[in-house]
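A look at the structure
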Amino acid sequence: MSSHPVNLAVRFLLELSILAALAYWGWTEHEGAWRFIWAVTLPLAAAGLWGTFRVPGDPGDAPVPVPGGVRLLLELALFGAEVALLAAAGRPGWAVGLGAVIVVHYAVSYDRVAWLLRR
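Let me sum up the structure you'll find in this document. (Residues numbered from 1 in each chain as written. Predicted model: local features only at pLDDT ≥ 70, side-chain atom pairs only at ≥ 80, totals over all residues. Heavy atoms only, no water.)

Below, the discussion takes up the pattern of salt bridges. Overall, the coordinates contain five salt bridges when judged by the stated rule. Here E15 ties to R11 by a salt bridge, and the two come within 3.3 Å at their closest N and O atoms. Remark: R11 and E15 occur in helix α1 (residues 5–28); sequence separation between them is four residues, near one turn of the helix. Judged by its relative accessible area of 22%, E15 falls in the partly exposed class. A relative accessible area of 11% means that R11 is categorised as buried. Here R71 makes a salt bridge to E75, at a shortest N to O gap of 2.9 Å. With R71 and E75 both in helix α3 (residues 68–88) and four residues apart, the pair spans about one turn of that helix. As far as the burial class goes, R71 and E75 line up, both buried. Linked by salt bridges that have partners in common, R11, E15, D58, R71, E75 and R112 make up one network. (Salt bridge = Lys/Arg side-chain N within 4 Å of Asp/Glu carboxyl O. Helix = DSSP H or I, 4+ residues; strand = E, 2+ residues; numbered from the N terminus. Buried < 20%, exposed > 50% of the residue type's maximum accessible area, 1.4 Å probe, protein only.)

This is how it looks when you write it as structure tokens:
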């Protein structure tokens, strides 16, 4: 499994966009102390899930090894939450744009998707 450096950079930016979107939703959709709680804890929870549940053989350590299908579902759930929460926060254009980039990224990364499904 190999990926082009540009696709890896896009993937990294998409990972960061999850954190930003979760924080944005928490900040814009809540008030008072809840604003801070959601804007901080949602991105931390997502980063914790992303970094903890890994497939052995994927770059980086696998603190909690999971099958490839589970990892793929986790990724799709977090990207789906990103798109849904951006739309809920009144940014449907951002949601559609990021959703399109995510779909294209996974289409270009078909070799990784196939690898995950075989693991």
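Here the narrative resumes.
Taking 1.5 Å of rise per residue, the 21 residues of helix α2 (residues 32–52) would be expected to cover 30 Å, and the 31 Å separating its terminal C-alpha atoms lies within 8% of that figure. Of the positions making up α2, those classed as buried are A39, P43, A46 and W50. Of the surrounding elements, those touching the buried residues of α2 are α1, β1 (53–54) and α3. (Expected span 1.5 Å × (residues − 1). Contact = heavy atoms within 4.5 Å.)

A word on the packing of aromatic side chains. The final tally for this structure, using the stated rule, is five aromatic pairs. Centre to centre, the rings of W27 and F36 are 5.0 Å apart; their planes meet at 85 degrees, and the pair counts as edge-to-face. For W27, a relative accessible area of 37% translates into the label partly exposed. Residue F36 is classed as exposed on the basis of its relative accessible area of 51%. Every member of this aromatic cluster is reached through a ring pair, and the members are W50, F79 and Y106. R35 extends its terminal NZ or CZ atom over the ring of W27, reaching a point 4.5 Å from the ring centre. Across the ring face of W50, the terminal group of R71 is positioned such that the distance to the ring centre comes to 4.6 Å. (Phe/Tyr/Trp six-rings, centres within 6.5 Å; stacked < 30°, edge-to-face > 60°. Lys NZ or Arg CZ within 6 Å of the ring centre and 35° of its normal.)

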